Amino acid sequence: MAARGGPKVLAVVLAGGEGKRLMPLTTDRAKPAVPFGGIYRLIDFALSNLANSGYLQMVVLTQYKSHSLDRHVTKTWRMSTMLGNYVAPVPAQQRVGKHWFAGSADAIFQSLNLIHDEKPDYVVVVGADHVYRMDFSDMVAQHVESGASVTVAAIRQPIGLADQFGVIEVSGDDPSRIAQFREKPSDPQPLPDSPGEVLASMGNYVFTAADLVDAVTRDADDEDSKHDMGGDIVPWFVEQARAAVFDFSTSTIPGATDRDRGYWRDVGTLDSYYDAHMDLVSIHPVFNLYNYAWPIMTEAGHFPPAKFVVGASQRDGVAVNSIVSPGCIVSGSTVSDSVLSPNVRTHSFSAVTGSVLLDNVEVGRSAQVNRAIVDKDVVIPEGVSIGVDPELDRRRGFTVTESGITVIGKGTVIER
């Protein structure tokens, strides 16, 4: 969409991720559709950032197990058609051959009809599975001024973590230009102004539309390419000296606090998914969901308010340092340092500690749930303990992460 007198921008959200490292949460859904933070889906963060930035023409490229993602986007993200705004999920269409997307660049190539139809000046391409706030208009403005073909959003990370990211090395003459893009280097070069840090790619890009079309078309004919935006397209532009970097630390968001300013987390693993939830529940959250100046938008369903009631033996229902979503009933039980998604029920004498419970989970009387992620529609029977004995959880067939988080898949039947 073009602001009055400004360039026309189309936003493309890459939402085809399989999310193997998030299994079993991705057994039945695409990674961007994974619930997060009680009432949200992961994709809501990317779409909210784009909408808050003023970019209201968005296409969402889907592929893997996309039904729940398509349903969420279609039901939730409705724009004013009178103003020409939309959020449109677009499945893999096999427009150029009988094959699915071979990579993120191939996803763009197979969807070039979207760019040809809209005729934007610039294309913002973002991932759909990160938790953060970002004003993309800042990045677009820098891109337009720079004259680059691509601008890559980057976040400062400790140099010791460089082998986990695509690392950007900037030009000595111009720190806004990319001199080299290296994938998970073992010998990273530090930032000139911060010897202990590197710039890691966030997987968000701004392209000059014509240059993007040329690049993915050229890449489609390269049999040696993996057809990846970060692995192939960006390095090609770097070689042509046409790539710039946007330092995420310079992004300013209305309503940001000193504590959550510059927050970004890749929730690509079960441990990082769990840790990101724990960032939400402290008294002064590391990531603040309560920033009404830059809201994270969604549609949470038609649930009644949460309720806390006295249960058996006059035991109070209590939740502390926790997020409790609509429809939840905490009855005669204790919830601490946890996130309860809509319609969760906890019964008398049960305790939920340091856990993430997704929609419709029921915790039976005297049950214990500790450091666990429990997917939708799971009933934890009376007296059963989850996350207390990792070896027992493994024998039950549950996933236990390296850090000891127990994960129970959607609809799992638990025996007493």
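Please refer to the structure placed before this passage.
It should be emphasised that the depicted structure is a prediction, and the values quoted were computed from it without experimental measurement.

**Points about the overall build of the protein**
Part 1 of the argument: Scanning the protein from N- to C-terminus turns up nine helices and 29 strands.
Part 2 of the argument: Its C-alpha radius of gyration of 22 Å places the protein within 12% of the 22 Å reference for a compact globule of 416 residues.
Part 3 of the argument: Restricting the contact set of the protein to residue pairs at least 6 apart, pairs at least 24 apart contribute 59%.
Part 4 of the argument: Here the protein displays about 17,900 Å² of accessible surface, and carbon together with sulfur accounts for 49% of that area.
Part 5 of the argument: Charge separation in the protein, taken as the distance between the mean sites of 36 positive and 50 negative side-chain charges, equals 8 Å.

**Topic: the pairing of strand 12 (residues 243-247)**
Part 1 of the argument: By the criterion of burial, strand 12 is predominantly enclosed, with five of the five residues buried.
Part 2 of the argument: Side-chain alternation along strand 12 places Ala 243, Val 245 and Asp 247 on one buried face and Ala 244 and Phe 246 on a second face that is also buried.
Part 3 of the argument: Where strand 8 (residues 150-158) and strand 12 come together, five bridges link them in parallel fashion. If you follow Ala 154 over to strand 12, its bridge partner there is Asp 247.

**Quick notes on the nonpolar core**
Part 1 of the argument: With 40 residues, the main nonpolar core has Val 12, Leu 61, Ile 108, Ile 168, Phe 207 and Met 229 as its most contacted residues.
Part 2 of the argument: Apart from the residues lying within four places of it in its own chain, the contact partners of Leu 61 are Val 12, Val 13, Leu 14, Ala 15, Gly 16, Val 90, Phe 101, Ala 107, Ile 108, Ser 111 and Leu 114.

**Concerning the pairing of strand 5 (residues 86-91)**
Part 1 of the argument: Examined bridge by bridge, strand 4 (residues 57-62) and strand 5 share six bridges and lie parallel to one another. Among the inter-strand pairings, Val 59 is bridged to a residue of strand 5, identified as Ala 88.
Part 2 of the argument: The parallel pair strand 4 and strand 5, bridged by helix 2 (residues 67-76), forms a crossover whose chirality is right-handed.

**Things to note about the sheet that holds strand 16 (residues 323-324)**
Part 1 of the argument: With respect to topology, six strands assemble into an open sheet ordered 16-19-22-25-29-28, the strand pairing being mixed. Every interior strand has two partners, whereas the edge strands, strand 16 and strand 28 (399-400), have only one.
Part 2 of the argument: Relative to strand 22 (residues 356-357), strand 19 (residues 339-340) runs parallel, the two sharing two bridges. Following the sheet pairing, Leu 340 is matched in strand 22 by Leu 357.

**A short note on the environment of Gly 6**
Part 1 of the argument: For Gly 6, the position within the fold is in the segment before strand 1 (9-15).
Part 2 of the argument: Classification of Gly 6 by relative accessible area gives partly exposed; the value is 31%.
Part 3 of the argument: Residues Gly 6 and Asp 228, spaced 222 residues apart in sequence, show a C-alpha to C-alpha distance of 30 Å.

**Some remarks on the environment of Ala 105**
Part 1 of the argument: Turning to its location among the elements, Ala 105 is positioned in helix 3 (residues 104-109).
Part 2 of the argument: Classification of Ala 105 by relative accessible area gives buried; the value is 1%.
Part 3 of the argument: For the pair Ala 105 and Asp 228, spaced 123 residues apart in sequence, the C-alpha to C-alpha distance is 4.8 Å.
Part 4 of the argument: Excluding its chain neighbours within four sequence positions, the residues that come into contact with Ala 105 are Val 216, Asp 219, His 227, Asp 228, Met 229 and Ile 233.

**Points about the pattern of salt bridges**
Part 1 of the argument: A full pass over the atoms with the stated rule returns 15 salt bridges.
Part 2 of the argument: Asp 260 serves as the salt-bridge partner of Arg 133, at 3.9 Å between the closest nitrogen and oxygen. In this pair, Arg 133 sits in the loop between strand 7 (130-132) and helix 5 (136-146) while Asp 260 sits in the loop between strand 12 and strand 13 (264-266), placing the two residues 127 residues apart along the sequence. In this structure, Arg 133 and Asp 260 share a single accessibility class: buried.

**Re the side chain of Thr 151**
Part 1 of the argument: Position of Thr 151 relative to the elements: it lies in strand 8.
Part 2 of the argument: Of the residues examined, Thr 151 reaches a relative accessible area of 0% and is grouped as buried.
Part 3 of the argument: Here the side chain of Thr 151 touches His 143 through a polar contact of 2.7 Å, side chain to side chain.

**Things to note about the packing of aromatic side chains**
Part 1 of the argument: Summed over the entire model, instances satisfying the criterion amount to ten aromatic pairs.
Part 2 of the argument: Where Phe 165 meets Trp 264, the ring centres are 6.4 Å apart and the plane angle is 50°; that geometry is what we call tilted. Remark: Trp 264 occurs in strand 13 and Phe 165 occurs in the loop between strand 8 and strand 9 (166-170); sequence separation between them is 99 residues.
Part 3 of the argument: For Phe 165, a relative accessible area of 13% puts it in the buried group.
Part 4 of the argument: Centroid distance Phe 207 to Phe 237: 6.3 Å. Interplanar angle 50°. Geometry classified as tilted.

**Description of helix 5**
Part 1 of the argument: Among the residues making up helix 5, those that are buried are Phe 136, Met 139, Val 140 and His 143. For helix 5, the angular spread of buried residues about the axis comes to 100°, placing them on one side.
Part 2 of the argument: Just past helix 5, the residue Gly 147 takes up positive phi, approximately 75°.

**What to know about the packing of helix 6 (residues 209-220) against helix 7 (residues 229-239)**
Part 1 of the argument: Orientation of helix 6 relative to helix 7, taken along the N-to-C sense of each, is 115°, at an axis distance of 11 Å. The element helix 6 and its partner helix 7 pack so that their crossing is right-handed. Every residue of helix 7 that contacts helix 6 at Asp 211, Leu 212, Ala 215, Val 216, Arg 218 and Asp 219 is listed here: Met 229, Asp 232, Ile 233, Trp 236 and Phe 237.
Part 2 of the argument: In the contact of helix 6 with helix 7, the residues fall into seven nonpolar, no polar and four charged.

**A short note on the sheet that holds strand 27 (residues 385-386)**
Part 1 of the argument: Pairing is parallel across the open sheet formed by five strands, whose spatial order is 15-18-21-24-27. Because the sheet does not close on itself, it has two edges, and the strands there are strand 15 (318-320) and strand 27.

**Quick look at helix 2**
Part 1 of the argument: Turning to helix 2, its buried residues number three or more, namely Ser 68, Leu 69, His 72, Val 73 and Thr 76. One side of helix 2 holds all its buried residues, which, seen down the axis, span an arc of 130°. Every exposed residue of helix 2 that faces more than 90 degrees away from the buried side is listed here: His 67 and Lys 75.
Part 2 of the argument: Lining the buried residues of helix 2 we find strand 1, strand 3 (40-41), helix 1 (43-52), strand 4 and strand 5.

About the thresholds
Residues numbered from 1 in each chain as written. Predicted model: local features only at pLDDT ≥ 70, side-chain atom pairs only at ≥ 80, totals over all residues. Heavy atoms only, no water. Helix = DSSP H or I, 4+ residues; strand = E, 2+ residues; numbered from the N terminus. Rg over C-alpha atoms; globule rule 2.2 N^0.38 Å. Contact = heavy atoms within 4.5 Å. Areas by Shrake-Rupley, 256 points an atom, 1.4 Å probe, with all protein chains shown as cover. Lys, Arg positive; Asp, Glu negative; His and termini not counted. Charge placed at Lys NZ, Arg CZ, Asp CG, Glu CD. Buried < 20%, exposed > 50% of the residue type's maximum accessible area, 1.4 Å probe, protein only. Pairing = 2+ DSSP bridges. Core = buried A, V, L, I, M, F, W, Y, C linked by side-chain atoms within 4.5 Å. Right-handed = clockwise from strand over helix to strand, strands pointing away. Salt bridge = Lys/Arg side-chain N within 4 Å of Asp/Glu carboxyl O. Polar contact = N/O pair within 3.5 Å; in protein donor to acceptor, adjacent residues only side chain to side chain. Phe/Tyr/Trp six-rings, centres within 6.5 Å; stacked < 30°, edge-to-face > 60°. Arc of directions from axis to C-beta. Axes fitted to C-alpha atoms, helices over the stretch in contact; angles between N-to-C directions. Left-handed = near helix turned anticlockwise from the far one by under 90°. Nonpolar A, V, L, I, M, F, W, Y, C, P; charged D, E, K, R; others polar.

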